[in-house]
Amino acid sequence: MPYIGRATVTAKREFARNMVSITIQCPAVAQESLPGQFVQVRAWPGPGTAADPLLDRPLSVAGVDKQKGTFELLVRVVGRGTRLLASVPVGETIRVTGPLGRGFLEAAGAAGPSILVGGGVGLAPLKFLAEVLTAGGHEVLSLVGARNAAELPPPGELAGKVQVATDDGSAGFHGTVVALLEQMLTMVVFRSGRVPAPVVYACGPTPMLRALKASATLLGLPVYLSLEERMACGIGACRGCAVRQVGPKMAAGEVKMVRVCHEGPVFAAGEVDLDA
Amino acid sequence: MPEMTSSVAAFVGGDGERSPALTLPAGVDLTAKLGRLTLKNPVTVASGTFGYGHEFHRFYDISQLGAVMVKGTTLHPRAGNKPPRVVETPAGMLNAIGLQNPGVDEVIRTELPWLVSVGATAIVNIAGHSVDEYGEIARRLDSVPGVAAIEINISCPNVDQGGMAFGVHCPSAAAVVSGVRRATKLPIITKLTPNVTDIGEVARAVVDAGSDMLSLINTLVGMVIDIERRRPVLGNTVGGLSGPAVRPVALKMVWDVARQVKVPIIGLGGIVTAPDAIQFLLAGASAVSIGTANFADPLAPLDVIEGIAAYLAAHGHRGVAEIVGAANPGFLGSRP
Ligand SMILES: Cc1cc2nc3c(=O)[nH]c(=O)nc-3n(C[C@H](O)[C@H](O)[C@H](O)COP(=O)(O)OP(=O)(O)OC[C@H]3O[C@@H](n4cnc5c(N)ncnc54)[C@H](O)[C@@H]3O)c2cc1C
Ligand SMILES: Cc1cc2nc3c(=O)[nH]c(=O)nc-3n(C[C@H](O)[C@H](O)[C@H](O)COP(=O)(O)O)c2cc1C
Ligand code: FES
């Protein structure tokens, strides 16, 4: 059962440019959360007294400290809701509902050597995933993309190996993370058959996910994507976040919708229509 | 927001922080009698905002609700509209779900038995493309255990064919209701659209055609344009506006309709708190529905139930019916 109730902001720090890390005391969410799951956050009064903004905001769980009973959010301020959240002082409470949705490893079914691909706020669930995978003794390589060096997270924030790519070439690979992945994979590290093929996990803007789906399919790698869709309830009730299911499991002519907030946000790349 | 007296402010709630169990004062009977339909309390949850109840049952026991209006059910499964399907607006939201549902047979096979198993009172909201289709859905539901009533949705703005088209003209609205009337002995609630010039006229037409009750309002048609991409935000271009933003409009419509028909009315549109709900009861609604508020506060209906009970107790009433229409001098319905 997801937790719903107040939780205290215990720490805040700048994680990268335009991204703040917020630590929240909430043992239920800290205990239960799996990488890829999210919480609905309300950093303003309930709809009975303040209907502006009306809806909670979905944010990925970026890490947990089970001992301390805290979890972390990585938030990019893009509008009113995220601004209100980012300005909550340490010591104040917000309302949290979660954890919600299905995480990366539940979608994949098993953990093994992994390549994590993402950028921007897409790093939030990947940071948590990298921690869990490395703690489980699995090899992890994260490919982190940003527009420029200043927007990259500082070194050491992500568990496991990290390679970076920037659009302007100011750090690491000059180009997109998907291009970086392609270049690496054509070097045939693991296709010799001696090393188990890694699973690719990604979170980021839809165009990136689309490009990744296309190239990873070509390379024959299993890919799991965390999607973002506009949400109202965040708990599976309204069908507002539905995307179309595709793939071999579907009968001809069958139309089936899956909810990003409930069956997702993580899906096998071949399982969802990213073009709608 | 107008100043609230302290007795009312005490039970505003709406923050999602409360026990999942109800605490009710002694000596107040919350039973809502809507003609042949009796509900354990006057607080229901609105179609399309509650799925089939599973999601909310994780937070609280949904058998505590007056009734659950399930998602709009069609004869055949529907995938719904393309995304984005929802967008937030000031104190409200637009939705264009497009009646995504698994079809009436699947609802009968899996969802209704589940609702019965948890003790919930289920009202099935139905939508069709033709008068015959509405009748056929009603016929299939007629003898299904656990269906307390049928709510005819002639007011969905989000499907190209049928839906709201039936609800904006008196003859077609009446034809749908007569068709359903012939197909079932279950109590019929007709859900009215606010997207009309004179809602009273449609209300009278569907009551004459045999509707046992009315519910109002469905959503108001609206849209949002993304100025950078220079195109509508919703995949469906337009959607239905709901939430606190529509409440004054909904309340006025309930007020008007309550002066024109004698049948029980279920009032909805933007209700979040008990004081909101009480306004609808005072205007002439015998029961209310909570819709969009469920998204922002999954426990909102519980606050509303408790708040209504507290209000009744504080004002020396023993039952809900005593306040129905109490603020509306032209209220036509009966009050014990
Ligand atoms: C499953 C999921 C996980 C997410 N995880 C993170 C995270 O870890 N860190 C982070 O910074 N952001 C994350 N986001 C995006 C975040 O929810 C939006 O940036 C936020 O809702 C914007 O709210 P706002 O009021 O600041 O902006 P506004 O633009 O004012 O928001 C207006 C409306 O649009 C919705 N909206 C705006 N942008 C998005 C978006 N990209 N996706 C979905 N809805 C949106 C809002 O929820 C709101 O209803 C996630 C989104 C989803 C769906
Ligand atoms: C996401 C969403 C889906 C809805 N689906 C239906 C539906 O299937 N059938 C129906 O009669 N009304 C539907 N409605 C309308 C609501 O039941 C209600 O009439 C309307 O939202 C106004 O009430 P509110 O402001 O409390 O939400 C839907 C509303 C929303 C927000
Ligand atoms: S946001 Fe309501 S079903 Fe996903």
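Everything below is about the structure shown above.
None of these values were measured; they are calculated from a predicted model. (Residues numbered from 1 in each chain as written. Chains lettered and ligands numbered in written order. Predicted model: local features only at pLDDT ≥ 70, side-chain atom pairs only at ≥ 80, totals over all residues. Heavy atoms only, no water.)

Facing 36 residues of chain B, the contacting portion of chain A comprises 37 residues. Among the residues chain B hides against chain A, the three largest losses belong to Arg58(B), Phe59(B) and Glu88(B). Together they make up 19% of the total. For the pair chain B and chain A, the interface holds two salt bridges. Across the pair Glu55(B) and Arg259(A) runs a salt bridge, and its minimum N-O distance is 3.0 Å. Taken together, chain B and chain A are joined by eight residue pairs in polar contact (both at pLDDT 80 or more). Sorting the residues of the side of chain B that touches chain A by element identifies helix H2 (54-57), strand E5 (86-89), strand E6 (92-95) and helix H9 (293-296) of chain B as the ones contributing at least two each. Tallied by class, the residues present in the side of chain B that touches chain A amount to 19 nonpolar, ten polar and seven charged. (Contact = heavy atoms within 4.5 Å. Buried area = accessible area lost by both parts, 1.4 Å probe. Salt bridge = Lys/Arg side-chain N within 4 Å of Asp/Glu carboxyl O. Polar contact = N/O pair within 3.5 Å; in protein donor to acceptor, adjacent residues only side chain to side chain. Helix = DSSP H or I, 4+ residues; strand = E, 2+ residues; numbered from the N terminus. Nonpolar A, V, L, I, M, F, W, Y, C, P; charged D, E, K, R; others polar.)

Once that is clear, we can look at the site of ligand 2. All names here are of chain B. Inspection of the region around ligand 2 gives 22 residues, with Ser 47, Lys 191, Gly 243, Gly 270 and Thr 292 positioned closest. Within the contact set of ligand 2, an oxygen atom lies 2.7 Å away from a side-chain nitrogen or oxygen of Lys 191. Here an oxygen atom of ligand 2 sits 2.7 Å away from a polar atom, N or O, in the side chain of Thr 292. Contact with the protein chains covers 98% of the free accessible surface of ligand 2, which is 610 Å². Of the pockets mapped on this structure, ligand 2 occupies the largest cavity. Of the residues in the shell around ligand 2, the class split is five nonpolar, 15 polar and two charged. (Near = heavy atom within 4 Å. Areas by Shrake-Rupley, 256 points an atom, 1.4 Å probe, with all protein chains shown as cover. 1 Å grid on protein atoms, 1.4 Å probe; cavity = no way out; pocket = protein on both sides within 12 Å on 5 of 7 lines; lining within 4 Å. Sits in = over half its atoms within 2 Å of the grid points.)

Glancing now at the site of ligand 1. If you check the shell around ligand 1, you find 19 residues, and the closest are Pro58(A), Gly81(A), Thr82(A), Glu228(A) and Arg230(A). One finds residues of chains A and B in close proximity to ligand 1. Within the backbone of Gly79(A), an N or O atom sits 3.1 Å from an oxygen atom of ligand 1. Gly81(A) is positioned such that a nitrogen or oxygen atom in its backbone is 2.7 Å from an oxygen atom of ligand 1. About the coverage of ligand 1: the protein hides 84% of its 840 Å² of free accessible area. Taken together, the elements giving at least two residues each to the shell around ligand 1 come down to strand E4 (57-60), strand E6 (70-75) and helix H2 (80-86) of chain A. Sorting elements by how many residues they give to the shell around ligand 1 places E4(A) first, with four residues. Residues that form the shell around ligand 1 fall into these classes: eight nonpolar, four polar and seven charged. Split by domain, the shell around ligand 1 shows at least three residues from each of two domains, domain 1 (3-100) and domain 3 (229-276) of chain A. (Domains from an automatic or database assignment.)

We now examine the pairing of strand E2 (residues 19-25) of chain A. Residue and element names in this part refer to chain A. Buried residues dominate E2, accounting for five of its seven residues. Hairpin connection of strand E1 (residues 3-16) to E2: two residues between the antiparallel strands, including Asn 18 at a positive phi of 65 degrees. Bridge count between E2 and E6: six bridges; the pairing is antiparallel. Bridging across to E6, Val 20 finds its partner in Val 75. (Buried < 20%, exposed > 50% of the residue type's maximum accessible area, 1.4 Å probe, protein only. Pairing = 2+ DSSP bridges.)

Residue and element names in this part refer to chain A. Checked against the element boundaries, Thr 70 lands in strand E6. By relative accessible area, Thr 70 is classed as buried at 8%. Ignoring any residue separated from it by four or fewer positions in sequence, one finds Thr 70 in contact with Thr 10, Thr 23, Ile 24, Gln 25, Cys 26, Ala 30, Val 64 and Asp 65.

Residue and element names in this part refer to chain B. Between helix H7 (residues 247-258) and helix H8 (residues 274-283), whose axes approach to 8 Å, the crossing angle comes to 20 degrees. Accordingly, the angle class assigned to the pair H7 and H8 is roughly parallel. Crossing handedness for the pair H7 and H8: right-handed. Two secondary-structure elements touch here, H7 through Arg 247, Ala 250, Leu 251, Val 254, Trp 255 and Ala 258 and H8 through Asp 276, Gln 279, Phe 280 and Ala 283. A class-by-class count of the residues in the contact of H7 with H8 yields seven nonpolar, one polar and two charged. (Axes fitted to C-alpha atoms, helices over the stretch in contact; angles between N-to-C directions. Parallel < 35°, antiparallel > 145°, perpendicular 65-115°, else oblique. Left-handed = near helix turned anticlockwise from the far one by under 90°.)

All names here are of chain A. Sheet architecture is open: seven strands sit in the order E11-E10-E9-E8-E12-E13-E16, paired in mixed fashion. Pairing within the sheet leaves two strands with one partner each, and these edge strands are strand E11 (173-174) and strand E16 (266-268). Relative to E16, strand E13 (residues 223-226) runs antiparallel, the two being bridged by three bridges. Bridge pairing in E16 places Leu 225 opposite Phe 267. Where helix H4 (residues 123-135) meets the sheet, it contacts strand E8 (114-119), strand E9 (140-146) and strand E12 (199-203), and its direction lies at approximately 160 degrees from that of E8. Along the sheet, helix H5 (residues 177-185) contacts E8, E9, strand E10 (161-166) and E11; its crossing angle with E9, the most-contacted strand, is approximately 140 degrees.

Residue and element names in this part refer to chain B. Within the closed barrel, the eight strands sit side by side as E3-E4-E7-E8-E9-E10-E15-E16. Their pairing is parallel. The sheet shows a mean angle of 25 degrees between the axes of neighbouring strands, direction not considered. Sheet analysis places strand E3 (residues 43-45) next to strand E4 (residues 67-73), joined by two bridges and oriented parallel. Its bridge partner being in E4, Thr 44 is matched across the sheet by Ala 67. Against the sheet, helix H10 (residues 300-314) touches E3 and strand E16 (287-290), its axis set at about 165 degrees to E3.

Residue and element names in this part refer to chain B. Along the chain, Ser 242 falls in strand E14 (residues 239-242). You can call Ser 242 buried: its relative accessible area is 12%. Here Thr 292 takes part through its side chain, which lies 2.6 Å from a polar atom of the side chain of Ser 242. Residues within four places of Ser 242 in sequence aside, it is in contact with Ala 91, Gly 92, Met 93, Thr 219 and Thr 292.

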